[in-house]
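Here are the chains, one letter per residue:
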Amino acid sequence: MTAPHTLSLAEAAALIAARRLSPVELLADCLARIEAVEPRLNAFIRLLAGEAMEQARAAEAEIARNGPRGPLHGIPVGLKDIIDLAGHPTTCHSKLQLDRVATEDAAVVQRLREAGAVFPGKLATHEFAIGGPCFDLPFPPARNPWNPAHHPGGSSSGSGAAVAARMLPAALGTDTGGSVRHPASHCGLVGLKPTYGLVSRRGVFPLAFTLDHVGPMTRTVRDNALLLGAMAGPDPLDPGSAMRGPEDYTRDLHKGLKGLRIGFVRHFHETDTPASPEVAAALEEAARLLAAEGAEVRSITLPPLADFAAVNRIILCTEAAAVHERWLRERPGDYAQLTRRRLLPGMLISGTDYVQAQRRRTSLVAAVEAAFREVDLLLCASSMDPASRIDDPEEVERTYSRQARTPFNVTGHPAVSIMCGISRAEGLPLGMQLVAPAFAEALLYRAAAAYERAAPWRQMAPPL
Amino acid sequence: MQEKDREALALAAGLAKAWKDHRADVEEAIASVTRLRAGFARPSDPAAEPTPSYRLPHTATEAGR
């Protein structure tokens, strides 16, 4: 049989349902893989092997008696370490949070626990989900499994590294300015930022209240849809909850692209923030493939990327400063330098600027809504460059902000990053985004699945 | 902006410790805010609402029924 750690979530779930694989075997093989490759990748902040094995044994026994609760039963899922797991510290990868032990599961963890998932560990992040790879923190930064000399993207960096390296079939990330889709792009994964409010944020350390999303990170589109189905749902205790029930997000995966109109936001990567030639070529090739599969692809214009980026930054920094105000005043030296530099502007933005950004946000949302009256989906760049070397802070600084993910944190529309190429020079994955109207995640997955079937990237794996 | 003005801004924001120990980071933050402020078009309509608009919480609206 194929080594269990290499199975997709859906493949593992099918074998578990058929009693051909036990959750204990699956977890044991994942733990062996973690032991083999983790020293090169630093994806984990805390490995919870013993506790996870107890969960896997309980799942094995229950499945033997009653069959699986659903596709997540017995599946290992990693948690970015800003997400609370009862009884364990939520460190936020920070010296400031080393001793903060969660007393309850985050709402999304509660849902996954009810679905029977197993939790093998807490995963690396950028400190407080902001900044970048830092070497002046209590834990080292995660590295890219495709080439450990390069960063994996962030801030859900450990989630991206762990799933791409076949240590885990799936992980949760969070996304405030692109932090699920960034590592998904650089690690060759499928990473979804759901519609704002679809997944509860309760029990997740906040970065920016009106921009924060929790999202699934997996190796396939079907896995992502299955995981979202277990994560989504109303939460009366999350004031931002959309109070919508989960759906079967896999229902349209087979339908293909025929009849769908896709608006290609070319100006994002052609003129607003010119992409590297490899990224630009990969996006054009993806558009060609989507058209060949039956979609009608046309260019479409949104407001300038710089407007989205500035609005995102002002809102993010201001809301984050409200969270971090006391520490920034009393313990600024306890942050990594990069985190401090990212957070400090929020202490200096005026109330007027914050409200002006929120007012501009209204018109940006309206512009994207108007686009969805002309097309069913949007196609655009994710990162404009392949991942830079992790030990080159100038290049990290230059390339991190060259991206087109923040628009959909500002507007709240669902956006998925999916692999669309590989850089010849470094052998690193390239990613693109598909974006859908609010709560149209099933449509988004339909298009992403069709692309995934038609493109060769799904078969590729990091050379670890 | 003169250094004394930047210092006044930092102190007004409660960043005395950061100004003392990490002055370059505060200086960079001040420059960054200046860039961000100019980075997007202000709405011209005086009645343009922010997103999200203020709404009473569900519990308050339900209590009034």
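Along each chain, residue indices are assigned from 1 in the same order as the chain's sequence is written. Lettering of chains starts at A and numbering of ligands starts at 1, both following the order in which they are written. Two thresholds apply to this predicted model, a pLDDT of at least 70 for residue-level local features and 80 or more for giving and counting side-chain atom pairs, whereas whole-chain, interface and lining totals are computed over all residues. With hydrogens and water excluded, all non-hydrogen atoms of the structure serve as input to the side-chain values.

1. Let's talk about the overall build of chain A
- Comment: elements are numbered from the N terminus, with helices defined as DSSP H or I runs of at least four residues and strands as E runs of at least two. From N to C terminus, chain A includes 15 helices and 11 strands.
- Our radius of gyration is a C-alpha quantity, and the globule rule it is checked against amounts to 2.2 Å times the number of residues to the power 0.38. Rg of the C-alpha trace for chain A: 20 Å, near the compact-globule value of 23 Å for 464 residues, within the 12% margin.
- Each principal axis of the C-alpha atoms in chain A carries an extent, and together these give about 60 × 55 × 45 Å.
- Buried residues are those whose accessible area, probed at 1.4 Å on protein chains only, stays under 20% of the maximum for their type, while exposed residues exceed 50% and partly exposed ones sit between those limits. A total of 464 residues make up chain A; the buried ones form 67% of that total.
- Here, two residues are considered to be in contact whenever any of their heavy atoms come within 4.5 Å of each other. Residue pairs at least 24 apart in sequence account for 77% of intrachain contacts in chain A once pairs closer than 6 positions are excluded.
- When charges are counted, Lys and Arg are positive and Asp and Glu negative, with His and the chain ends excluded. Here the site of a charge means NZ on Lys, CZ on Arg, CG on Asp, or CD on Glu. Here chain A holds 49 positive side-chain charges and 50 negative ones, and the gap between their average locations is 2 Å.

2. Observations regarding the nonpolar core
- Ranked by internal contacts, the top residues of the largest apolar core, which has 166 residues, are Leu72, Leu112, Met167, Leu378 and Tyr451 of chain A.
- Here leucine 378 of chain A is in contact with Ile262, Gly263, Val265, Ile300, Leu302, Val368, Ala371, Phe372, Phe408, Gln433, Leu434 and Val435 of chain A, once residues within four sequence places are set aside. Definition used in this section: a nonpolar core is a set of buried Ala, Val, Leu, Ile, Met, Phe, Trp, Tyr and Cys residues joined via side-chain atoms within 4.5 Å.

3. Quick look at the interface of chain A and chain B
- In this assembly, 29 residues from chain A lie in contact with 29 residues from chain B.
- Here the buried area means the combined drop in accessible surface, using a 1.4 Å probe, for two parts upon being joined, counting both sides. Interface area, chain A with chain B, both sides summed: about 2600 Å², of which 62% is carbon and sulfur.
- Criterion for a salt bridge: a side-chain nitrogen of Lys or Arg within 4 Å of a carboxyl oxygen of Asp or Glu. One can count 5 salt bridges joining chain A with chain B.
- In this structure, aspartate 25 of chain B and arginine 341 of chain A form a salt bridge, with 3.8 Å as the shortest nitrogen-oxygen distance.
- Any N or O atom pair separated by 3.5 Å or less is treated as a polar contact, with the protein-specific requirement of one donor-capable and one acceptor-capable atom, and with residues adjacent in sequence counted only for side-chain atom pairs. Run the count over chain A and chain B and you get 13 residue pairs in polar contact (both at pLDDT 80 or more).
- Counting residues per element, the ones that place at least two in the side of chain A that touches chain B are α10 (305-330), α11 (337-343) and α12 (351-371) of chain A.

4. Quick notes on the pairing of strand β4 (residues 170-175) of chain A
All names here are of chain A.
- The element β4 is extensively covered by neighbouring structure, given that 6 of its 6 residues are classed as buried.
- Burial of the side chains of β4 extends over both faces: Ala170, Leu172 and Thr174 are buried on one face and Ala171, Gly173 and Asp175 on the other.
- Only strands joined by at least two bridges in the DSSP assignment are considered to pair. In terms of strand pairing, strand β2 (residues 77-80) meets β4 through 3 bridges, oriented parallel. By the bridge assignment for β4, glycine 78 is matched with alanine 171.
- In terms of strand pairing, β4 meets strand β6 (residues 213-218) through 6 bridges, oriented antiparallel. Counted as the bridge partner of glycine 173 is glycine 215 from β6.

5. Observations concerning the side chain of threonine 176 of chain A
Residue and element names in this part refer to chain A.
- Within the secondary structure, threonine 176 is located in the loop between β4 and α6 (181-187).
- For threonine 176, a relative accessible area of 5% translates into the label buried.
- When neighbours within four sequence positions are excluded, threonine 176 is seen to be in contact with Leu207, Ala208, Leu211, Asp212, Asn312, Leu316 and Asn409.

6. Describing unusual backbone geometry
- Cis geometry marks the peptide bond from glycine 154 of chain A to serine 155 of chain A; its omega dihedral reads 15 degrees.
- Here serine 155 of chain A is to be found in the loop between β3 (121-123) and α5 (157-164).
- Geometrically, the link from threonine 51 of chain B to proline 52 of chain B is a cis peptide bond, its omega value of 0 degrees lying close to zero.
- Looking at the secondary structure, you find proline 52 of chain B in the loop between α3 (23-37) and α4 (58-63).
- Its identity as a non-glycine residue notwithstanding, alanine 129 of chain A has a phi of 65 degrees, on the positive side.
- Relative to the helices and strands, alanine 129 of chain A is located in the loop between β3 and α5.
- Backbone geometry places methionine 243 of chain A, a non-glycine residue, at a positive phi of 60 degrees.
- Here methionine 243 of chain A shows up in the loop between α7 (221-231) and β7 (261-264).

7. What about the packing of aromatic side chains?
All names here are of chain A.
- Note on aromatic contacts: the rings of Phe and Tyr and the six-membered ring of Trp form a pair at centre separations within 6.5 Å, being stacked when their planes are under 30 degrees apart, edge-to-face when over 60 apart, and tilted otherwise. In total, this model carries 5 aromatic pairs over all chains according to the counting rule given.
- Aromatic pair tyrosine 249 and tyrosine 445: ring centres 6.5 Å apart, planes at 70 degrees, arrangement edge-to-face. Separated by 196 residues along the polypeptide, tyrosine 249 in the loop between α7 and β7 and tyrosine 445 in helix α15 (residues 441-454) bring together distant segments of the chain. Both residues of the pair, tyrosine 249 and tyrosine 445, count as buried.
- A ring pair is formed by phenylalanine 268 and phenylalanine 308, whose centres lie 6.2 Å apart and whose planes are at 80 degrees; its orientation type is edge-to-face. Here phenylalanine 268, found in helix α8 (residues 266-272), pairs with phenylalanine 308, found in helix α10; they are 40 residues apart in sequence, far enough to count as distant. With respect to burial, phenylalanine 268 and phenylalanine 308 carry one shared label: buried.
- An aromatic cluster is present here, built from Phe128, Phe205, Trp327 and Tyr335 joined pairwise through their rings.
- Whether a charge sits over a ring comes down to the Lys NZ or Arg CZ being within 6 Å of the ring centre and within 35 degrees of the ring normal. A cation over a ring is seen here: arginine 244 above phenylalanine 439, with NZ or CZ 4.1 Å from the ring centre.

8. Focus: the state of the cysteines
All names here are of chain A.
- Disulfide assignment relies on a single distance test, namely cysteine sulfur atoms paired within 2.5 Å. All told, the structure shown has 0 disulfides over all chains when counted by the stated rule.
- Note on cysteine 92: no disulfide assigned, nearest cysteine sulfur contributed by cysteine 134 at a separation of 14 Å.
- Looking at cysteine 92, the relative accessible area reads 0%, which means it is buried.
- Taking relative accessible area as the criterion, cysteine 134 reaches 6% and is therefore assigned buried.

9. Here we look at the sheet that holds β7 of chain A
All names here are of chain A.
- The strand order β1-β3-β2-β4-β6-β5-β10-β11-β9-β7-β8 describes an open sheet built from 11 strands, whose pairing is mixed. The open sheet has two edge strands, β1 (44-47) and β8 (296-299), and neither has a second partner. Shown here is a sheet whose adjacent strand axes are inclined to one another by a mean of 25 degrees, direction ignored. Between N-to-C directions, angles span 0 to 180 degrees; the directions come from axes that are lines fitted to C-alpha atoms, helices contributing only their stretch in contact.

10. Let's talk about the packing of helix α4 (residues 107-114) of chain A against α7 of chain A
All names here are of chain A.
- At a minimum axis separation of 8 Å, α4 and α7 run at an interaxial angle of 110 degrees. Overall, the two elements α4 and α7 adopt an arrangement that is roughly perpendicular. Packed against α4, whose contacting residues are Val108, Arg111 and Leu112, the element α7 presents Leu227, Ala230 and Met231 at the interface. For classification, angles of less than 35 degrees are called roughly parallel, those exceeding 145 degrees roughly antiparallel, those between 65 and 115 degrees roughly perpendicular, and all remaining angles oblique.

11. Remarks on the environment of aspartate 29 of chain A
- The topology assignment puts aspartate 29 of chain A in helix α2 (residues 23-41).
- Discounting chain neighbours no more than four positions away, the residues touching aspartate 29 of chain A are Ala3, Pro4 and His5 of chain A.

12. What about the confidence of the model for chain B?
- Overall, the predicted model of chain B reaches an average pLDDT of 90, with 88% of residues at or above 70.
- How sure the predictor is of each residue is captured by pLDDT, a score from 0 to 100. Across chain B, helix α2 (residues 16-21) of chain B holds the top mean pLDDT of 98, while α4 of chain B sits lowest at 64.

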